[in-house]
Each structure stands twice: as C-alpha cells, then as structure tokens.
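# Structural characterization, general
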Number of protein chains: 2
Amino acid sequence: MPDYKAPLRDMRFLIDHVFDFHGHYAALGATDASPDMVSAILEEGAKFCENVLAPLNRPGDEEGCHFDNGVVTTPKGFKEAFAQYVEGGWHGVAADPAYGGQGLPLSLGLMLSEMIGSSNTSWGMYPGLTHGAMSAIHAHGTEEQKNTYLSKLTAGQWTGTMCLTEAHCGTDLGIIKTRAVPLADGSHAITGSKIFISAGEHDMSENIIHLVLAKLPDAPAGTKGISLFIVPKFLAGSGERNAVSCGSIEHKMGIKASATCVLNFDGARGFLIGEANKGLACMFTMMNHARLGTGMQGLCLGEASFQGAIKYANERLQMRSLTGAKAPEKVADPIIVHPDVRRMLLTMKAFNEGNRALTYFTAQLLDTAHLGRDENQRQEAEYLLAFLTPICKAFMTETGLEVTNHGMQVFGGHGFIREWGMEQLVRDCRIAPIYEGTNGIQALDLLGRKVLGSQGKLLRGVTKIVHRFCVANVDHPQLKAYVAQLNELNQQWGELTVKVGMAAMKNPDEVGAAALDYLMYSGYIILAYLWLRMALVAQAQLETGSSEGDYARGKLATCEFYFKRLLPRTAAHRAAVEAGSECLMSLPAQMFAL
Amino acid sequence: MPDYKAPLRDMRFLIDHVFDFHGHYAALGATDASPDMVSAILEEGAKFCENVLAPLNRPGDEEGCHFDNGVVTTPKGFKEAFAQYVEGGWHGVAADPAYGGQGLPLSLGLMLSEMIGSSNTSWGMYPGLTHGAMSAIHAHGTEEQKNTYLSKLTAGQWTGTMCLTEAHCGTDLGIIKTRAVPLADGSHAITGSKIFISAGEHDMSENIIHLVLAKLPDAPAGTKGISLFIVPKFLAGSGERNAVSCGSIEHKMGIKASATCVLNFDGARGFLIGEANKGLACMFTMMNHARLGTGMQGLCLGEASFQGAIKYANERLQMRSLTGAKAPEKVADPIIVHPDVRRMLLTMKAFNEGNRALTYFTAQLLDTAHLGRDENQRQEAEYLLAFLTPICKAFMTETGLEVTNHGMQVFGGHGFIREWGMEQLVRDCRIAPIYEGTNGIQALDLLGRKVLGSQGKLLRGVTKIVHRFCVANVDHPQLKAYVAQLNELNQQWGELTVKVGMAAMKNPDEVGAAALDYLMYSGYIILAYLWLRMALVAQAQLETGSSEGDYARGKLATCEFYFKRLLPRTAAHRAAVEAGSECLMSLPAQMFAL
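Scoring rules and cut-offs
- Residues numbered from 1 in each chain as written.
- Chains lettered and ligands numbered in written order.
- Predicted model: local features only at pLDDT ≥ 70, side-chain atom pairs only at ≥ 80, totals over all residues.
- Heavy atoms only, no water.
- Helix = DSSP H or I, 4+ residues; strand = E, 2+ residues; numbered from the N terminus.
- Rg over C-alpha atoms; globule rule 2.2 N^0.38 Å.
- Buried < 20%, exposed > 50% of the residue type's maximum accessible area, 1.4 Å probe, protein only.
- Contact = heavy atoms within 4.5 Å.
- UniProt positions renumbered as here; feature names shortened; annotations may be inferred.
- Buried area = accessible area lost by both parts, 1.4 Å probe.
- Salt bridge = Lys/Arg side-chain N within 4 Å of Asp/Glu carboxyl O.
- Polar contact = N/O pair within 3.5 Å; in protein donor to acceptor, adjacent residues only side chain to side chain.
- Nonpolar A, V, L, I, M, F, W, Y, C, P; charged D, E, K, R; others polar.
- Phe/Tyr/Trp six-rings, centres within 6.5 Å; stacked < 30°, edge-to-face > 60°.
- Lys NZ or Arg CZ within 6 Å of the ring centre and 35° of its normal.
- Core = buried A, V, L, I, M, F, W, Y, C linked by side-chain atoms within 4.5 Å.

### A closer look at the overall build of chain A
Helix and strand counts for chain A come out as 20 helices and 9 strands. Here chain A has a C-alpha radius of gyration of 24 Å; the compact-globule value for 594 residues is 25 Å, and the two agree. By residue count, 63% of the 594 residues in chain A fall in the buried class. In chain A, of all internal contacts separated by at least 6 residues, the share reaching a separation of at least 24 is 75%.

### Remarks on the UniProt feature "domain: Acyl-CoA dehydrogenase/oxidase N-terminal" (unreviewed entry) in chain A
Under the feature "domain: Acyl-CoA dehydrogenase/oxidase N-terminal" (unreviewed entry), the UniProt entry names residues 40-156 of chain A. In residues 40-156 of chain A, the share of helix is 66% and the share of strand is 5%. The end C-alpha atoms are 21 Å apart.

### Focus: the interface of chain A and chain B
Listed per partner, the contact involves 96 residues of chain A and 96 residues of chain B. A buried area of about 8400 Å², summed over both sides, lies between chain A and chain B, and 63% of it is on carbon and sulfur atoms. Three residues stand out in chain A for area buried against chain B, namely Phe416, Arg565 and Phe592 of chain A, and they jointly supply 10% of the buried area on that side. Between the two partners, chain A and chain B, sit 2 salt bridges. Asp517 of chain B is paired through a salt bridge with Arg565 of chain A; the nearest N and O atoms lie 2.8 Å apart. The interface formed by chain A and chain B contains 35 residue pairs in polar contact (both at pLDDT 80 or more). A total of 9 residues in the side of chain A that touches chain B trace back to one element, the largest contributor, which is helix 18 (residues 549-566) of chain A. Residues belonging to the side of chain A that touches chain B are distributed by class as follows: 50 nonpolar, 22 polar and 24 charged.

### Digging into the packing of aromatic side chains
Residue and element names in this part refer to chain A. Within the structure shown, the criterion is met by 44 aromatic pairs over all chains. Plain terms: the ring middles of Tyr85 and Trp123 are 5.0 Å apart, the flat faces sit at 85° to each other, and that makes the pair edge-to-face. Of this pair, Tyr85 sits in helix 5 (residues 78-87) while Trp123 sits in helix 7 (residues 121-140), and the two are 38 residues apart along the sequence. Accessibility classification places Tyr85 together with Trp123 in one group, the buried group. An angle of 15° between the planes, with centres 4.0 Å apart, marks the rings of Tyr312 and Phe411 as stacked. Residue Tyr312 is found in helix 10 (residues 287-315), and its partner Phe411 is found in the loop between helix 12 (375-410) and helix 13 (422-429); the two are separated by 99 residues along the sequence. Judged by relative accessible area, which is 8%, Tyr312 ranks as buried. Owing to a relative accessible area of 5%, Phe411 belongs among the buried residues under this scheme. Among the aromatic residues, those joined into a ring-pair cluster are Phe19, Phe21, Tyr25, Tyr360, Phe361, Phe469 and Tyr529. Looking at Arg241, its charged tip hangs above the ring of Phe234, at a distance of 5.4 Å from the centre.

### A short note on the nonpolar core
Leu345 and Phe387 of chain A are the most contacted members of the largest nonpolar core, which has 204 residues in total. Membership of the second largest hydrophobic core comes to 203 residues, among which are Met162 and Met591 of chain A together with Met204 and Leu366 of chain B.

Right, here's the structure in full:
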C-alpha cells in the first residue's frame, strides 16, 4: 500500500486562499472554527488517519469481514481504531453540542472525511453511516427520540445504518415490500428483508440503530406511501434484543472490510420517525450530505492512488527519455520523464485537486445552508447545493475511477498485484458510481429535476457566478485565454440546456438520453471554473514572491494541462447530448441480442 | 456468472458477408478451411466453450491457483478441461501439420480464441502461452529443435511460456540481468529470476518449455545483447529435472486462475534459439500475434459482459419509462426501457461488434501475411498488420475495460457482488491494457515506429483503403451522411499526423505526448470504417428481404449510435494530440507533489 500523507498543503491552499474559510466561518458566526481549531483538526486528524487508519487498509482488504451465525466481526484492528477515533472526539466534530458534539461546521467534518476516506475507505463507512443516521434523527426525530439516540450515537457508543434497498428494488423504492404494522403501544412491528446494508452488523459498538424504510398497512402505493422507522438492535432502556438479525454478508469486488449485510426484520419493534408516508422525504434530507460524501470517495481514493503513483514514477527506472538520458548515472531514467506517464499523473492531479476544490466549494454551501444568517442566503445556498450535489456524486466518482485506473497503469504489471495496493483503490472506488443513487440516477436528478424542473433557474444560479468571474478576469494578463475558453463554454452550457429542454417538452426520453453526458459536461465546466480560481491565486502568489512559489507553479501547470487536455472532452459530451434520444430508443428491446 | 453463448450469428455475419472468409481462404489456397470445416469448428468450439470452460470460470476465480513448495495446482476442473481440449484436437487447429497440427489458417484459431476468452480468460492463458512458444520455435528453431519440441507442444502434452520480465524491468528489456553461460556441450547455463510468467508452473502438462530472454557473457549492452533460450522444465530425452523452479505465484486483481509465476533459473540448461544477441527480434516475430490475442481479451470479456447485461436489463424491473409504463402488468418496467441503460448497452454492443470486426479484418491480414501467394501481397498485409496491431491491442483493451464497467453498472449494486460474475469481468479485463506491452508502449509503437518511422507510409496504406471506400459509397442513399463524416475524419487523420510529425522533428517528446490519444483517435476512425462496412451489408440485407432482417436492423441502429455518440470522442482526442508536449513537460518532476 502506498503510504498516505494527508495533503495538508493543498487543503490549506484552498482553506486559506481560494475559499477563505476563515472569513466564511466568521461570517457565519462559527466562532469555534477558529484558524487554530482548523489547524488542530487538520493536523491531529492527519496523524490519526496516517498512523492508525492507513496501516489497516491493506490487511482489512485481505482479511475482509467474517460472518458466523449472525455475528459479524470486522478485520483485525478495526474495532480498536474505532474506539480510538471515538475517544479522540473525532466522531462528534460536526455534531450538535446539545448531544455531546463539538458543533463545528459540516465543512470541517468533510475535510476530516477526506483524510479518513483516503487512508481507509472501508473503515470510514462505519462512522459515515452513523453520521447519516444522526442527521436523519436530528432533522426529523421528536425531542424524545433525539434524547434517546443522539448522545449515544455522537459518542460512538452506538452506531447507525440506513436501510433502504431490498433484493428487488434499489432505485425504485416505491415498490419496497417491508411492512410496518402498528402495535398497541404506538410502536410498529417491522417485517421484511433489506440488502446492501453497510455497517448493518459488526463488532464496533454496543448497539446499532437502523433507520428503515417500510410501508404502513394503509399506505398509498409508490413512493408516497413509504415511512421511516427507527429500529434499534437492542431496544433503548430495556436493552432487550430486537427481532432484527443479519442473514449474511456480501462477497464484493472491493470495500471488503465494510460489512455489507442482509438484514432480516421479523416483527422487530420500530418507531416512526417523521410523518407517516413521508419517509422518503426524510431520507432525502440527508441525501445531499451523503451524496457529497460518496462523491468524495472518488477524491479520496484518487488522492491515495496519486500518492502511490507519483512516488513510483519518481523511483521506477525504465527506458531513457526520448530527448536524451535524464539520469545518465542510473541504469535507466525514472519513468516520470516519459510524456505518457506525465499525461496520466497530470490527469490524476488535475482531477484530484479539481475535485477537492469542488468539495470545498460545495462544503461551504452546505455550511451556509445550515448556518446562513438570513433566509435568502440559506435559500441561495440550497439552490446551488441542489444543483451541485448530483455533480459531486457522479462526476467525482467517474473521474475518481479514471484516476485510480491511471494510478494502477503507472505501476505497469505491479499495479495488478495485490500487495502493491494500487488495484485495491480501483476496486474500492468501483462501488462509488453505483451506490447512494447510481450515476445515471444522479444525472436524471440533475437534468430532469434540478435544471429542467426549475425551468433553468438552478443552472442560471451557477452560470451567473461563472459569468461574473469571467467578466472580472477577462483581461487577466496570464490567464485571459482560459477565461475566454471558460466564458464560451459557459454560454454554450446555457444554449445546450435550452436545446435539451425544448426537445424534452416533446419527448421525455430526451432527458434520460442526454442526462449522463450532460452531467459530465457540466462537471468539466465547473472544474474549469474552479481550476481558474486556483490559478488566479497561484499566479498572485508567484508574483508576490510567496514562499509557496513552487506549489503555485504546480497549480498553474496543472491548470494549463486541464484546459488543454481534459476540458476538450466537453466536445464529445456535448455531441452525445445533441445526438438526442432517437438513436437510443429506436431499436426494439428484443433486437439488442439475437 | 452470466451464461455464455458463443455469438455465432455475429461471427457468421462477418465471415459470410462482411469479409467473405470463404473467398479469402480459397484465394489463399487454404482449401482445408472449407465452409463446412469453418462451421464445424465454430459450432463444436462453441459447445466446448459454453459447456466445459464457461462453468469453470466463476469457481476458478474464487479458488485461484494454489502454490505449495514450488508446486502449482490449478483450480478444480482446469486440468481435465485442458485434457478434453487437447483430445478434441483444438490445441492444434492452426498449427503446422508437420508436427501434428491441423494447419488451418490463423484466423480460424482466433475465432476459436474469442470463444475461449469469453468463456474463461484465465484458462485460455495456458494454451495461449503455449501457442506463443510454438510460434517462436517454429519461426526460429533449428530442425532439431522443432522436431524435439513442436509435436509435443502441438499435442498439448507439453506447454510453453515466454519469460521476459524481471522485477526491475518489464518494458525496458535491455536491462535484464538473467545470464547465459556457455557450457562445453554447446548448451548454456541460465541463471536469473523472471517474474510475471503466465503458466510458468502448473499441473496441466507433463513438461513446460520456457522461452527465456538472457544475456551472453560477451553481449553488447541494451536490447542488442539479448538472446533467446529454450529452457525445458524436464530435459527432452533424458527427462532430467532442470534447475528451474517456481518461487511463488502472484496474488492478483483478476485472472486469478491463471498462474502468474516467479521462476528462478539456477544454472538451468538452456538451448539458444535463433541467433545470439537477436533474441528480442525473435520474440517480436510472434508479438503481432500475441498482441492481437491480448487485444481480443477486451472483446472477449466485453462480449461476456454484454450477454450478462442484456439479459439483466430485460429482466430487472425498476421504475417506469418516462414516456409511460411499458409493462403495466408488472410492478415496474424492465430497465431496458430507460434511455441511460440503453446508452450503456449500445456502447457495449457498438464496441464489441466493432472490435470483433477489427479482429476479423486483422486476422485476414495475418492469414495473408503467412499464406499470401506473392511477396507483394504478403508485404502489403504485413504493413497493414504492423499498423493495426498496436491499435488492436490498446484500443480493444481500453474499450473492453469501458464495456465491462458498463456491464457492471447495468447491474447496479448487484454488479459489485461477486456471485453475479460481472465484476470478475472487469477485474479479468484490467490486466489487458497492461501486459504484452502497456497501452502507452503500444501507442509509442504506433505513432513513433510505425507511422512516423515509415514517414507516414503505413498510415497512408490505411487511409487509402478508407478513402476508396468513401469514394465508392459517397452517394449511398441511406448511409451517405456517415460516409461523409468518415471521409472528413480520414482526411483530418492525415493532417493531424503531419502536424505531429512536424512537431516531433523539433522535439521527440511530442511523440510520447501525442501517442495514446493519437492511438485512440485512430481506433475510433477505423471502427467507424468497419461499422460502415457492416452497415452496408445490413442495409443490403434489409432491402433484399433477407431472413436476417431483424439482425440487420440491429446493425444499422448500432452503427447510427456509434457515429452519433461514440465517434465524436475523436474531437477530444484530437484536441489532446494538438495540445502538444509543453503542458506535460514543463513542470519539474519534484513539483508534482509538494
């Protein structure tokens, strides 16, 4: 496994310069998130991730989780690491102080999450799911429910899950079969079987609090008849074992140390949370956050892969540079001299740093949506978040998969061998485009619900920001060519959207036909905007003779690479969008394979 | 695992109609390859692959190979399947009759290989490597060597390997350390350690014949000082155990049932094959064939993945079509109604069928290069082969990886679960862009050695064919728009090449900077040409009211999809080529990560 070092320098570049998080926190009144506190969290968090989590990553993949008659054991060291994490107070960094959390902004929690995900994605699933459950209870629980569950969850004494999927439905939750029958005491008897439940059963915590989607007896059909229930493994208070059991764990391609469980509910006692039949809406409250977290897995694993690849490319000696030996004293040149190796490395660097900027940009909006001082400000942040979230989820996981594949390719044959750790990153990353809503679903959400559903309003919120940025920098001495390129794409983006919107009014299949390519196209443009924002800062640093000069040169070179070699992919995505639905829909289903 | 059914209908479409293999064989005097023989081989081969090999594929992945103190055991059933394969005469289909082969054209062997690779890629490595060794001995061995080894290898009594890579070098064979010291009897003592040796040790055959690259004591430095040796596990004649042993097997991401061995040569007796210091050239003789075989793994696994995905997409019920329920009697519509699912399926279909056409096109050239009646014909085929081989290897494996990933995505969460078999196809495919020369190396070979090295002559050989095709079909009533699109790209291809060539004269790094994107760009154009050839046939079939009408409709729809949604990717690759080397080379190596 490549050693992991938290990319604190890049994180600080974004925090201190590009996005001015200190000003951001101050403006939101998040006074606890002082520069010293931010530094402490980054540095101590980095140590924990580098020293405790990262060393467990390869062994965790090899060992996997164990299932024995309903009991799930996590790989060696996982449980202890969780105890250490909880003890260090990490679990409650962004949680409500009313229940023992530190109450720091969500964005700080996400910065920490990146380091966790890079060092050990599987392990990160356990606290990650718990945070999801905490959000749902916090947002929709009664006072009593919050008091009962949140303190223990925040303390990491208990952990949580989200139980949505069943064998016959993942995307289509309207057809779930799990049933909730009212009991005399106001609770419900939950019966059904859920699959793909991450952290559904394990040995890390005393109790597991499942959030379960189920249907009441009189529920309307479809998604409007789904309710959400709290179903604890052990009932709070009495400690009685509830009728929920783990039937098996899945054998997967990756994230093998994350227990993916079949959970059987056999009349288990559950407690309605939120309104009856409004369960899906409750789940969606926390979806923005969870989807951003899943998108970040592309960044996390991409970063880990880059760290391995850059080290290897500097050490591995193979062939001479075509322009003459660069290390004549050695048997061959380090492979980083070869342009094609650099193409892969720069692609990785451009996506990782671009995706990190996208994460921080979005994380600030998440803070503002929660803590913004007035309704307008919060609402505006919500709109931008609604637009950006599916892009974060899908674009960052698609590109993360590309990045981890490049990292493996840099290693040549060794990349395919497990002990080097590079192939695990590909396998671990491969689930991210699938779960938490497939990328195809994200794309429909973006184009159908968000963009066209708002008559373009949500898109205009973003293109306006990009447009203003371009206007402000149109004459930038070094970067104006890129500003012009971005500005042109930004206009084209609006035009393309109108075109799709017009077509979709005649034929709803136009949305599905365009969606994925539209999402990727949008992602490339947003990353271009963020790369230029980084380049502006870097250019200024260079000119002021900052001590960060070398770092700034890296930023500028990577920005140039991005604009010249990656951004032109928009042309292919645009053409695919413009191709329309007919070339997808004309062939009868039975003629696909004869 | 998805059931495998050999795609005989598509194979016959190419054999009978698009490429007229019967006329091709007749023209080459390959009279044994009669239509009846071709049919028999396809049908019986299909049965063997479907019934014997395919059922061993998932269990083989789970079990993997076993290593115990130098002894390697293949998964349950592998040995027996190999015996059955040998007994059925499959091993010698394309081998020289002088040594017990059936002497059928290489192209027929490749058609069989596709079916083997789709049903069980790992298993296919064992006969595949043996065929490589047979080619080398056939091309470069003395009469005595041929007599000693070829009959047993053809009979499958013995198997073979190719031992090139060492721990410190894969691509850069000039720096190998394995040494060959002459012995009194004219043989050599071989000492060194080789890694990544597929089929290096196993339990399928009585003996294993290793072809080993090593350096003689007085050898010149670099690639001009490499010699090739035959190093049998058991010496022919005496049967004495040679000093070669398997030190370990690798734990890999995929092709787990293929034994990837470390082989230690401790003064093992070896026999020079070919001229001293010309070993690399000997290896390269068979490279065209081997690289085409590796490229085909992209097709093989892509085909298997498509078969799984199309079945699942027709059966899995999830959500309703946006244009209204298509299966109102069911709880939801089959997911093939959704445009985004069709986008994935059609991408898979377009690449698979296009890559199959590319394979058959190239296989005919391989036949002609071997059996052509006059030197000119053979030479022309060799030129085209030289150009197409790196494209087959790299383009087909890159797109094969994309295809297997789409197949997995169609399955949603189930795609990530091992028992469904879809993720294995991704893992098995992931090695193909790496081994047998990484795709980066293929790209350098194409652009540097083949295209620019021939002053564009090899490219013109191809663009001329495409140009003639476009001229002949410029007025085609249904397809002329695509003909025009292809013609324009074909011209652009030449212009782009001139541009890169000019830049490369000033700076050799321009070649490396452009290579991979140039290769992909070229691959998309060649596939467009082949898709149009298929579409012409399909259109004619539709018009004559052939019984293949439905099949022809599928071809035409997929051709349309290819031109509208995949071919535009050339724009992104062209832009990357035109971006030049500066944006790759300007950043000092130490500034990639600070």
